[in-house]
Amino acid sequence: MKVNNIVVLFLMFLTFSLGINAQGNGRPGKRLSQERFVAELEKFIASEADLTPQECNKLFPIMREMYGKQRLYFDKLKQLHQKCPKNESDCRNAVKQRDKIDLDMKKLQQTYHNKMLDAISPCKVMMVLNAEDKFHRAKLKDWSRKGNKN
């Protein structure tokens, strides 16, 4: 169940980040750049998980590669969401496609988590995953607060 919550949280995070990045919140110069976001994420993870520079050098390229491949799945989900099925058959197919994308994404995560486990200690990997979740929750909370001030 916790894994499902993490996946949902991560999907929500990426949805929000895409929207914020595209809109720029109406403030010139305040757009969230992907590079800045990843830099903040990596800095937070390194601090929270108490990673050494050597561990960071091993881990972050793996994570960036995983994020790049996950982006393809998120793009597929976005396309699927934009199509509005009109009948039972199309809805059934859309649900099955969504489930397949979710499963494929979990397989991708598992593959990259195994690479992380080979790169650094399993305890550190667990700390990294927890830190990543904490970072995403904090960002979503910040963005929702900023959105409510309008």
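The structure presented is a predicted model; accordingly, all values stated were derived computationally and were not measured.

Caption draft 1: Expanded view of the overall build of the protein chain. A tally of helices and strands in the protein chain yields 5 helices and 0 strands. Listing each helix as α and each strand as β along the protein chain from the N terminus yields α-α-α-α-α. By residue count, 35% of the 150 residues in the protein chain fall in the buried class. In the protein chain, 78% of the contacts between residues at least 6 apart in sequence involve partners at least 24 apart.

Caption draft 2: Representation of unusual backbone geometry within the structure. Even without glycine at this site, Asp 50 takes up a positive phi of about 55°. Structurally, Asp 50 can be placed in the loop between α2 (34-48) and α3 (53-82).

Caption draft 3: Quick peek at α3. Along its 30 residues, α3 runs 42 Å from first to last C-alpha, staying within 8% of the 44 Å computed at 1.5 Å per residue. The largest bend in α3 amounts to roughly 25° and is located at Leu 59, with the proline Pro 61 lying one to four residues further along.

Caption draft 4: Region of interest: the packing of aromatic side chains. Tallied over the full model, the rule gives 3 aromatic pairs. Look at Phe 37 and Trp 143: their rings are 6.3 Å apart centre to centre, the planes differ by 35°, and that puts the pair in the tilted class. Placement of Phe 37 in helix α2 and of Trp 143 in helix α5 (residues 122-148) is noted, with a sequence separation of 106 residues between them. Connected via pairs of aromatic rings, a cluster forms that spans Phe 37, Phe 44, Phe 135 and Trp 143.

Caption draft 5: Geometry of the packing of α2 against α3. Across the interface, α2 lies against α3 with an axial gap of 12 Å and an inter-helix angle of 135°. By the criterion of interaxial angle, the relationship of α2 to α3 is oblique. Note that α2 runs across α3; the crossing there is right-handed. Of α3, the residues touching α2 (which contributes Gln 34, Val 38, Leu 41, Glu 42, Ile 45 and Ala 46) are Cys 56, Phe 60, Met 63, Arg 64, Tyr 67 and Arg 71. Residues of the contact of α2 with α3, tallied by class, amount to 8 nonpolar, 1 polar and 3 charged.

Caption draft 6: Here's a closer look at the nonpolar core. Grouped together as the largest cluster of nonpolar side chains are 32 residues, with contacts concentrated most on Ile 45, Leu 51, Leu 59, Phe 60, Met 63, Met 116 and Val 128. Every element with two or more residues in this core is listed here: α2, α3, α4 (88-119) and α5. Of all the elements, α3 adds the most residues to this core, at 11 residues. Apart from the residues within four sequence positions on either side, Ile 45 is in contact with Asp 50, Leu 51, Phe 60, Met 63, Val 128, Ala 131 and Glu 132.

Scoring rules and cut-offs
- Residues numbered from 1 in each chain as written.
- Predicted model: local features only at pLDDT ≥ 70, side-chain atom pairs only at ≥ 80, totals over all residues.
- Heavy atoms only, no water.
- Helix = DSSP H or I, 4+ residues; strand = E, 2+ residues; numbered from the N terminus.
- Buried < 20%, exposed > 50% of the residue type's maximum accessible area, 1.4 Å probe, protein only.
- Contact = heavy atoms within 4.5 Å.
- Expected span 1.5 Å × (residues − 1).
- Bend = angle between axes of the 7 residues up to and from the residue.
- Phe/Tyr/Trp six-rings, centres within 6.5 Å; stacked < 30°, edge-to-face > 60°.
- Axes fitted to C-alpha atoms, helices over the stretch in contact; angles between N-to-C directions.
- Parallel < 35°, antiparallel > 145°, perpendicular 65-115°, else oblique.
- Left-handed = near helix turned anticlockwise from the far one by under 90°.
- Nonpolar A, V, L, I, M, F, W, Y, C, P; charged D, E, K, R; others polar.
- Core = buried A, V, L, I, M, F, W, Y, C linked by side-chain atoms within 4.5 Å.

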